[in-house]
Amino acid sequence: MLNIVLFGPPGAGKGTQSQYIIEKYNLIHLATGDMLRAEISEKTQMGLEAKKFIDKGQLVPDETVIGMIAHKLEKHSNASGFVFDGFPRTTVQAAKLDEMLQKHGAPISLMISLEVGKDELIARLLNRGKISGRTDDQSESTIRRRLEVYNTETLPVMDYYKKQGKYREIYGMGTIEEIFQRICKVIDETKGK
Ligand code: AMP
């Protein structure tokens, strides 16, 4: 199995690159942000609760996202691997993911961190807000809040994987294709081991 955590701040290109990775390596894409937005559009209780956090640029409680991931792992128990996009975002989520994957017999193979400068992130997110209509991308103050939350709550996840020797950094500027080629190189090296 090939299990990849695609890591990076909001706007780093995780969603875009995930699509290319799952296609090339035949993996299942698990994006907690997408799952939450689906709950919101279906107006479920969980979605309505989550929206309060998302609109403020805060993280949704760990139990909610862990529960969603657990459900998907069960559903796709025959998958040849997963790309985790936007998850884990806290060390509690990272530890829980290890625990869940143990049951499925295959740990995280590697964590790929997409590195993009702050000014570029803000510009990309504001632009995405105009196109996608995502409410959390439309106000610069919410975007800045999300970047702060990333620095305080999510960056420690990087150390979690560094300690496991699974962390790899990728330069996240350039064309989509250039960035994808950098990612493939790292994945192929890992697969070859
Ligand atoms: P994303 O599409 O990954 O940028 O996620 C959009 C929003 O959903 C985030 O700003 C959080 O409020 C929430 N969210 C997504 N994934 C998680 C997660 N793993 N933990 C907590 N909140 C999350």
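Quick note: structure is the one above.
Residues numbered from 1 in each chain as written. Predicted model: local features only at pLDDT ≥ 70, side-chain atom pairs only at ≥ 80, totals over all residues. Heavy atoms only, no water.

Topic: the site of the ligand
Close contacts around the ligand come from 16 residues, with T32, R37, Q58, G86 and R89 the closest. R37 has a polar side-chain atom sitting 2.9 Å from an oxygen atom of the ligand. Within the complex, 95% of the 480 Å² of free accessible area of the ligand lies under protein. It is helix α2 (residues 32-41) that provides the largest number of residues to the shell around the ligand, a total of 4 residues. In the shell around the ligand, the residues fall into 6 nonpolar, 5 polar and 5 charged. (Near = heavy atom within 4 Å. Polar contact = N/O pair within 3.5 Å; in protein donor to acceptor, adjacent residues only side chain to side chain. Areas by Shrake-Rupley, 256 points an atom, 1.4 Å probe, with all protein chains shown as cover. Helix = DSSP H or I, 4+ residues; strand = E, 2+ residues; numbered from the N terminus. Nonpolar A, V, L, I, M, F, W, Y, C, P; charged D, E, K, R; others polar.)

Focus: the nonpolar core
V5, I69, L73, F84, L97 and Y161 are the most contacted members of the largest nonpolar core, which has 29 residues in total. Looking at this core, the elements that each hand over two or more residues are β1 (2-7), α2, α3 (45-56), α4 (62-75), β3 (81-85), α5 (91-104) and α8 (156-163). Dropping the residues within four chain positions of it, L73 is found in contact with L30, F82, F84, M100, L101 and H104. If you look at the next biggest cluster of nonpolar residues, it comprises 25 residues, including L6, L110, L114 and I187. (Core = buried A, V, L, I, M, F, W, Y, C linked by side-chain atoms within 4.5 Å. Buried < 20%, exposed > 50% of the residue type's maximum accessible area, 1.4 Å probe, protein only. Contact = heavy atoms within 4.5 Å.)

Distances and angles like these do not, on their own, reveal function.
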